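What the coordinates show
Chain by chain, the residues run as shown.
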Amino acid sequence: MSLFSTLNTATSGLVVSSSSLGVIGDNIANINTTAFRAEKILFREYLVETPEGDRMSYVEDYGVARDLRSGPLRPTANPLDIAISGNGYFQVQTDDGEEYTRNGHFRLDDEGRVVTQSGKPVLDEDGNEIELGETDGLITISKDGTITTGEGEEFKLGVYQFVDEQRMKKTGEGLYKSDEDPEQVEDPEVMQGMLEDSNVEPISEVTRMIEIQRAYEGMQKLMNTDHDLQRRAIERIGKIV
């Protein structure tokens, strides 16, 4: 193995480790974020032929996988806190079109519409905004997503699912977009007065972070050793000349 091959291999590992630490750091930062789902870097090996005819093994990250397991449900005192038990996403209207979220921490705006905390309207099963108007403080949400107010009005939350959730892209504020057409969940299980917590497992994430940091330090030492070897080789060549 040449010195440059060693350097390239170590550099490859450092880049991937750095990416992993970034994702783990984001997971840890979102331990208390409603409905947040942990992510991890996907790796693969690729071989490169060196000038000496050897085949060197390198590693690269080629994507991010999302942990699709639901987080634990937490009871709240807010009638507009809504969690989905099982599969599904709420549909939200944004300036860029319909997007989807599992963060059911909703509220009423000045117009009596059900909106996200940032004011984006939540949509019903027909894709319309849910405008409750005067509710007399009485809002009941059944398990199938039907909202009933004190005035007797009824609306049904839109709950959707996707064939490949991994293709959904984060857009911020707990929202996702997808190139796939959404399908309505036939029998959603909606829980009023509940929120889904993050599914990040703190101990596992910290353990992974420590392991990767140690590997990162090991590769740095390898690069330092390689640098010293090259320096000594150059010094010896200079003395011979």
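Along every chain, residues carry numbers that run from 1 in the direction the sequence is written. Predicted model: local features are reported for residues with pLDDT of at least 70 only, side-chain atom pairs are reported and counted for 80 or more only, and whole-chain, interface and lining totals are derived from all residues. Side-chain numbers here rest on the full set of heavy atoms in the structure, without hydrogens or water.

1. Here we look at the overall build of the chain
- In terms of helices and strands, the chain carries two helices and 17 strands.
- The classification of residues rests on relative accessible area computed with a 1.4 Å probe and restricted to protein chains. Under 20% of the type maximum is buried, over 50% is exposed, and intermediate values are partly exposed. Expressed as a percentage of the 241 residues in the chain, the buried residues total 37%.
- Looking at the chain alone, contacts between residues at least 24 apart form 61% of all its contacts between residues at least 6 apart.
- Accessible surface is estimated by sampling points in the Shrake-Rupley manner with a 1.4 Å probe; for residues, cover comes only from the protein chains shown. Surface accessibility of the chain: about 13700 Å² in total, with carbon and sulfur atoms responsible for 49%. The secondary structure listing takes helices from DSSP runs of H or I that are at least 4 residues long and strands from runs of E that are at least 2 residues long, numbered from the N terminus. Contact between two residues is taken to exist if any of their heavy atoms lie within 4.5 Å; hydrogens are not considered.

2. Quick look at the sheet that holds strand β10 (residues 146–149)
- If DSSP finds at least two bridges between two strands, the strands pair. Pairing is antiparallel in the open sheet, where three strands are placed in the order β9-β10-β11. Sheet topology places β9 (139–141) and β11 (154–156) at the edges, where each strand pairs with a single neighbour. Here the strands of the sheet are splayed against their neighbours by 20° on average, with no regard to which way each runs.
- Where β10 lies against β11, three bridges are found, and the strand directions are antiparallel. Residue threonine 146 lies in a different strand from β11, and its bridge partner there is lysine 156. Convention adopted: a line fitted to C-alpha atoms gives each axis, helices being fitted over their contacting stretch, and angles between N-to-C directions are expressed from 0 to 180 degrees.

3. Section: the nonpolar core
- Only buried residues count toward a nonpolar core, which is a set of Ala, Val, Leu, Ile, Met, Phe, Trp, Tyr and Cys residues joined through side-chain atoms within 4.5 Å. With 17 residues, the main nonpolar core has Ile141, Ile147 and Leu157 as its most contacted residues.
- Of all the secondary-structure elements, those providing two or more residues to this core are β4 (82–84) and β9.
- Counting six residues, the second-largest nonpolar core is a separate cluster that includes Tyr89, Tyr100, Tyr160 and Tyr176.

4. Observations regarding the packing of aromatic side chains
- What counts as a ring pair is set by centres within 6.5 Å for rings of Phe, Tyr and Trp (its six-membered ring), and what kind of pair is set by the plane angle: stacked under 30 degrees, edge-to-face over 60, tilted for all other angles. Summed over all chains, the structure comprises five aromatic pairs.
- Their ring planes at 70° and their centres at 6.3 Å tell us that tyrosine 89 and phenylalanine 162 sit as a pair that is edge-to-face. Of this pair, tyrosine 89 sits in strand β5 (residues 89–94) while phenylalanine 162 is found in the loop between β12 (159–161) and β13 (169–172), placing the two residues 73 residues apart along the sequence. Of the two residues, tyrosine 89 and phenylalanine 162, both sit in the buried class.
- Here the aromatic rings of tyrosine 89 and tyrosine 176 are separated by 6.0 Å at their centres, their planes lie at 70°, and the arrangement is edge-to-face. Pair noted here: tyrosine 89 is in strand β5 and tyrosine 176 is in strand β14 (residues 175–177), with a separation of 87 residues, a long-range link. Take tyrosine 89 and tyrosine 176: they sit in the same class, and that class is buried.
- By way of ring pairs, the aromatic residues Tyr89, Tyr100, Tyr160, Phe162 and Tyr176 are connected into one cluster.

5. Side note on the pairing of β5
- Summarising burial for β5: five of the six residues are buried, a large majority.
- One ladder, built from two bridges, connects β5 with β12; its direction is antiparallel. Opposite tyrosine 89, over in β12, you have tyrosine 160 as the bridge partner.
- Of the strand pairs in this sheet, β5 and strand β6 (residues 97–101) are connected by five bridges, and their pairing is antiparallel. Note that in β6 the partner of threonine 94 across the bridge is glycine 97.

6. A short note on the side chain of glutamate 165
- For glutamate 165, the position within the fold is in the loop between β12 and β13.
- On the accessibility criterion, glutamate 165 (15% relative accessible area) is buried.
- Residues in contact with glutamate 165, not counting those within four places in the same chain, are Arg37, Arg66, Leu68, Asn87 and Tyr89.

7. Thoughts on the sheet that holds β6
- Taken together, the six strands give an open sheet; going across it, the order is β13-β14-β6-β5-β12-β15, and neighbouring strands pair in antiparallel fashion. If you trace the sheet from one side to the other, it starts and ends with β13 and β15 (183–184), each paired once.
- Pairing analysis gives two bridges linking β6 to β14, with the strands arranged antiparallel. Among the inter-strand pairings, tyrosine 100 is bridged to a residue of β14, identified as tyrosine 176.

The analysis is restricted to geometry; functional conclusions fall outside its scope.
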